[in-house]
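# Structure assessment
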Amino acid sequence: MTLDRRRFLRALGGLGVAAGVGVPLLSGVRGSASTGELLASRRPLPRPFTTRFRVPPVLVPTRSDADGDHYDIVQRPAIVEILPGVRTPIWGYNGRFPGPTIRSTSGRPVIVTHRNELPVPVVVHLHGGHTPPDHDGFPTDLLQPAGRTGSSRDYVYPLRQPAATLWYHDHRMDFTGPSVWRGLAGFHLVTDPHEQSLGLPSGDRDLPVMITDRSFDADGRLHYPSLDPTLRTPGVREPYGSGVLGDVVLVNGVPWPVAEIPAARHRLRLLNASNARRYRLVLDPPPPGGPALIQIGTDGGLLDQPVAHDAVELAPAQRFDVVVDFGRYRPGQQVDLRNEFGDRTTAAVMRFRITQAADDNSRIPDRLTGTPAPAPPVITRDLHFRHGTVHGMPGWTINGEPFHPDRSIADPRLGSTEIWRLSSDFHHPIHLHQASFRILGRGIGGPGPYDHGPKDTIDLRPAEQASILVTFDDYPGRYVLHCHNLEHEDMAMMGAFTITR
Ligand code: C2O
Ligand code: CU
Ligand code: CU
């Protein structure tokens, strides 16, 4: 890992550790791009905006009964076409990348039977789910490879939580980065009657947008710097321990796609499912007459009120649900979703081509939901996220310690609220399982423009301190918090915490 002192200082200076990537510091844009190193593809890449946008298929339940809706997913290797005319081996849920989308309703349980037909163990985590501990995907709760006992199990999700854009992905200790990179990620969208009553754009005007960066090898394989490509022993080659950045931007598994849409309001469920890359997304050209992106939701569900943005910044694992009124563009016009944190190939994300005028009876109410005030906090805890030594090797730590599955670093009480003060050296998107939180402030200031609403992941930037107000509801038991830069997570920036009775 090349986290030498010069680089460290450069990161603190706000220029990022993406040295060699040539990420320009945009004037007026606070902060740097991403903590990570560019892994360049070793083959020619397609021109952006030459492939068709697609939405991952919605999974059909195998049965529905008094217990809930039952689904089957097989995790298996597959060969798919990502770059036009190129065959790429992946690991996929039902052989797909992204995996199929599960759509569910608050309070109606979902039971997913996962069978592992991959050569290595896996763990399934529903990110953003309020899930009992045995079903949450603790990083050592392994689903064994095919042919061994324990290669299949049910994950039961009660989903006693409001409408939200969730996602599911692999969570095996030390191997989440390469497993997600190979394709183990999908959407899980929760709705509820309240959300349905709001009149937000729906049906084919409700578009999941999973953004990932990837690199490709000369032979079309996904390129990732694992020390052991069979994923039996952990680790990545230097200098990628700070994070792996790809040079191809995929939206729902398609490189820089084009979506043909009518001139009407659309809901975009933006998910940054990248290992380490951050994005600052804008529409180009911006629509006439005011902000392009009306944010209605985030990680944990709807905001109390819509928030208008010209740009949104997404750290890994974060979700921003935005409504764009494409009715402000002319039929025939092309509108690009661009990444202002990107450089060359990663500055483009996708394109919208406006087909025709269309009726639109959707709306964005001024008030989206109401959030009950949390109980007063009972304790303040400090957590420091830093580069450090992990079992004699460079790695990532929380309060100086690497992940130890059997050691809890916090033991909040069920039903209580706490203040957690988080501090960083580099970019660390910090994620808590189970508990959702509000961002109280950053440094000596209040919350930032992208901090609205119920969160499960905070975009902690270099040399920053932030306070969050966390409520520990629902279930007692052992969960994890970790950095969602997946290389940091795999290199031990994780802690167990136990919700006690
Ligand atoms: Cu998105 Cu612990 O994970
Ligand atoms: Cu999670
Ligand atoms: Cu990190």
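Let us look at the structure shown here.

Criteria and thresholds
- Here the residue index of a chain counts from 1 through its sequence in written order.
- The naming scheme follows written order: chains are lettered A onward, ligands numbered 1 onward.
- Under the rules for a predicted model, residues below a pLDDT of 70 receive no local features and side-chain atom pairs below 80 are neither given nor counted, while totals for whole chains, interfaces and linings still include all residues.
- Heavy atoms throughout the structure, all of them, feed into the side-chain values; hydrogens and water do not.
- Pairing between strands requires that DSSP locate at least two bridges from one strand to the other.
- Numbering of helices and strands runs from the N terminus, with a helix taken as a DSSP run of H or I at least four residues long and a strand as a DSSP run of E at least two residues long.
- The axes used here are C-alpha line fits, helices contributing only the stretch in contact, and every angle between their N-to-C directions lies in the interval 0 to 180 degrees.
- Residue contacts are defined here by distance: any two heavy atoms, one from each residue, within 4.5 Å place the two residues in contact.
- Think of the donor list as every N, O and S atom within 2.8 Å of the metal, or within 3.2 Å for Na, K and Ca; water never makes the list, so a site can look incomplete.
- Under the scheme applied here, a residue whose accessible area is under 20% of the maximum for its type counts as buried, over 50% as exposed, and between as partly exposed, the area being computed with a 1.4 Å probe on protein chains only.
- Buriedness of a pocket was judged along seven lines, with at least five required to meet protein on both sides within 12 Å; pockets are open sets of points on a 1 Å grid over the protein atoms alone, cavities are sets where a 1.4 Å probe fits but cannot get out, and lining residues have an atom within 4 Å of a point.
- Grid points are joined across faces, edges and corners, and a volume is the space filled by probe spheres set on the points.
- In this count, Pro and Cys sit with the nonpolar residues alongside Ala, Val, Leu, Ile, Met, Phe, Trp and Tyr, while Asp, Glu, Lys and Arg are called charged and the others, Gly among them, polar.
- Throughout, nonpolar core names a set of buried Ala, Val, Leu, Ile, Met, Phe, Trp, Tyr and Cys residues whose side chains join them through atoms within 4.5 Å.
- Here a polar contact is taken to be a pair of N or O atoms separated by no more than 3.5 Å, where protein atoms must pair a possible hydrogen donor with a possible acceptor and residues adjacent in sequence count only if both atoms sit in side chains.

## Some points on the sheet that holds strand β32 (residues 465–471)
Read across the open sheet, the five strands follow the order β26-β25-β28-β32-β30; overall the sheet is mixed. One side of each edge strand has no neighbouring strand; the edge strands of this open sheet are β26 (393–398) and β30 (436–442). Adjacent strand axes in the sheet meet at a mean angle of 25°, parallel and antiparallel pairs treated alike. Taken together, the seven bridges between strand β28 (residues 417–424) and β32 define a ladder with antiparallel strand orientation.

## A word on the environment of Met350
As for its placement among the helices and strands, Met350 is situated in strand β24 (residues 348–357). A sequence separation of 43 residues divides Met350 from Val307, and the C-alpha atoms of the two residues are 23 Å apart. Those residues within four positions of Met350 in sequence are excluded, and the remaining contacts are Phe49, Phe53, Val209, Val251, Trp256, Pro257, Ala259, Val335, Asp336 and Leu337.

## Section: the coordination of the copper ion (ligand 3)
On the protein side, the copper ion (ligand 3) has His428 (ND1), Cys483 (SG) and His488 (ND1) as donor atoms, found 2.0 to 2.1 Å from it. Look at where the donors of the copper ion (ligand 3) fall in the sequence and you get H-x54-C-x4-H. Look at Cys483 and you get buried, because its relative accessible area is 0%.

## Considering the coordination of the copper ion (ligand 2)
At 1.9 Å from the copper ion (ligand 2) lie its protein donor atoms, namely His125 (NE2) and His431 (NE2). Here His431 lies in strand β29 (residues 428–432) and His125 lies in strand β8 (residues 124–127), a separation of 306 residues in the sequence. Since its relative accessible area comes to 1%, His125 is described here as buried. Judged by its relative accessible area of 0%, His431 falls in the buried class.

## Quick word on empty space enclosed by the protein
In the structure shown here, the tally under the stated rule is six cavities of 30 Å³ or more. Quantified by volume, the largest cavity comes out at close to 80 Å³. In terms of residue class, the lining of the largest cavity is built from eight nonpolar, three polar and four charged.

## Comments concerning the pairing of strand β18 (residues 279–284)
Most of β18 is tucked away, with five of its six residues classed as buried. Bridge analysis of β18 against strand β21 (residues 311–314) gives four bridges, and the strand direction is antiparallel. Pairing of Val282 across the sheet is with Ala311, part of β21. In terms of strand pairing, β18 meets strand β23 (residues 334–339) through four bridges, oriented antiparallel. Along β23, the bridge assignment pairs Leu281 with Asn339.

## Looking at the nonpolar core
Among the nonpolar cores identified, the biggest contains 89 residues, and Leu270, Phe352 and Trp420 are the most heavily contacted of them. Residue contributions to this core peak at five residues, all from β24. Excluding anything up to four places from it in sequence, Phe352 contacts Ala259, Ile261, Leu268, Leu283, Phe326, Gln333, Gln334, Val335 and Leu337.

## Quick look at unusual backbone geometry
Put simply, Phe97 and Pro98 share a cis peptide bond, and its omega is -10°. Following the sequence through the fold, Pro98 ends up in the loop between β5 (87–93) and β6 (99–105). Phi is positive for Asp174, close to 75°, though the residue is something other than glycine. If you trace the backbone, Asp174 turns up in the loop between β10 (164–170) and α2 (176–181). In this structure, Ala317 takes a positive phi of about 80° despite not being glycine. Summarising the element assignment, Ala317 is placed in the loop between β21 and β22 (319–325). Accessibility expressed as a relative area gives 1% for Ala317, which makes it buried.

## Re the side chain of His171
Inspection of the secondary structure assignment puts His171 in the loop between β10 and α2. Judged by relative accessible area, which is 0%, His171 ranks as buried. At 3.2 Å, the side chain of His171 and the side chain of His482 are in polar contact. When neighbours within four sequence positions are excluded, His171 is seen to be in contact with Val123, His125, Gly137, Pro139, Thr176, His433, Val480, His482, Glu489 and Met494.

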